[in-house]
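# Descriptive analysis of the structure
Residues per chain are reported as follows:
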Amino acid sequence: MTLTADHKLALRERFMTVDTANVADVLDELGLPDCGLSSDLWPIKTRLEKMGGWAYTIRGQMTPYPGTGDPKKMEAVSGLTPGHLSVWSGGGAQGVCFFGELIARGMQYRGCVGALVDGGIRDIEWLDRMNFPVYTRYRTPVQSIGRWEVNAWQVEVYLPGATAARVRVRPDDFILADVDGAILIPQEVAEEVLTRAEALTEKERLIRADLENGATLPDVLAKYGHV
């Protein structure tokens, strides 16, 4: 089923109320154990933050090229719409940044809610001031122009995984990231995963309340089962 833009925005708001840990548990229950992304992807801000959105993929590669810009990158980011989370892949260990503050401002203006970068980023202080969440492999002052070039967007890409070498990311899969890390939710099961994660979140709330009121761990295990 194709989700409407309004429905996707509503689901995103709900996803922002659940934790990646509960989402990961639900994905395990559904037989999707390898959706966690590598712990090398970490937020740029000193204050850890939450990030979530529908994947808009941008792929590039290390390649020397002439010129003073990357017009394909500008074309790629122009397609972002509200609720999108930009996912950058390709040649992530090469030591250059994929974008910085000015491109991020353009993405944010279009409604982009963050970036997941299998590579480098720069202008960290400005990105922090913008409140634009970014999870990345590393930070570097070295620009991509003449070194790393966008070659496709809104295509399937791979990111490094937590329990698998690679995790496939498709346009409109959902990405959720918080203090525990980042995880992918396949688009076909996004709504089911969310509903189950919300139920698990409520169950944990009840357990905390019982524990605060004097219940023991055996008590809550007998009442609620495994958590």
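In this text the structure is predicted, and so the values were computed from the model without any measurement. (Residues numbered from 1 in each chain as written. Predicted model: local features only at pLDDT ≥ 70, side-chain atom pairs only at ≥ 80, totals over all residues. Heavy atoms only, no water.)

Attention shifts here to the overall build of the protein chain. Each helix and strand counted, the protein chain has seven helices and eleven strands in total. Since a compact globule built from 227 residues should have a radius of gyration of about 17 Å, the 19 Å found for the protein chain is in line with a globular shape. Across its three principal axes, the protein chain shows a C-alpha extent of roughly 70 × 40 × 30 Å. Looking at the 227 residues of the protein chain, the share that counts as buried comes to 47%. Accessible area for the protein chain stands at about 11200 Å²; split by element, carbon and sulfur atoms hold 52% of it. Averaging the locations of the 24 positively and 31 negatively charged side chains of the protein chain gives two centres separated by 6 Å. (Helix = DSSP H or I, 4+ residues; strand = E, 2+ residues; numbered from the N terminus. Rg over C-alpha atoms; globule rule 2.2 N^0.38 Å. Buried < 20%, exposed > 50% of the residue type's maximum accessible area, 1.4 Å probe, protein only. Areas by Shrake-Rupley, 256 points an atom, 1.4 Å probe, with all protein chains shown as cover. Lys, Arg positive; Asp, Glu negative; His and termini not counted. Charge placed at Lys NZ, Arg CZ, Asp CG, Glu CD.)

Another point: the packing of aromatic side chains. All chains considered together, the criterion is met by five aromatic pairs. Ring geometry for Phe15 and Phe174: centres 4.2 Å apart, planes at 15°, overall stacked. One end of the pair, Phe15, is in helix α1 (residues 5-15); the other, Phe174, is in strand β10 (residues 174-178), with 159 residues separating them in the sequence. Each member of the pair Phe15 and Phe174 is classed as buried. Measuring from ring centre to ring centre gives 6.4 Å for Trp88 and Trp148, while their planes differ by 40°; the resulting arrangement is tilted. Remark: Trp148 occurs in strand β7 (residues 148-153) and Trp88 occurs in strand β3 (residues 84-89); sequence separation between them is 60 residues. Note on Trp88: relative accessible area 0%, which makes it buried. Connected via pairs of aromatic rings, a cluster forms that spans Trp88, Phe98, Phe99 and Trp148. Taking the ring centre of Trp126 as reference, the NZ or CZ of Arg129 above it sits at 4.5 Å. The ring of Tyr158 has Arg166 sitting right over it, with the charged end atom 5.6 Å from the ring centre. (Phe/Tyr/Trp six-rings, centres within 6.5 Å; stacked < 30°, edge-to-face > 60°. Lys NZ or Arg CZ within 6 Å of the ring centre and 35° of its normal.)

Below, the discussion takes up the packing of helix α6 (residues 190-212) against helix α7 (residues 217-224). When two helices pack together, their arrangement is given by the angle between their axes and by how far apart the axes lie. Closest axis-to-axis distance for the α6/α7 pair is 10 Å, and the angle between their directions is 145°. Crossing hand, α6 versus α7: right-handed. Side by side, α6 and α7 meet where Lys203, Leu206, Ile207, Asp210 and Leu211 of the first sit next to Leu217, Val220, Lys223 and Tyr224 of the second. (Axes fitted to C-alpha atoms, helices over the stretch in contact; angles between N-to-C directions. Left-handed = near helix turned anticlockwise from the far one by under 90°. Contact = heavy atoms within 4.5 Å.)

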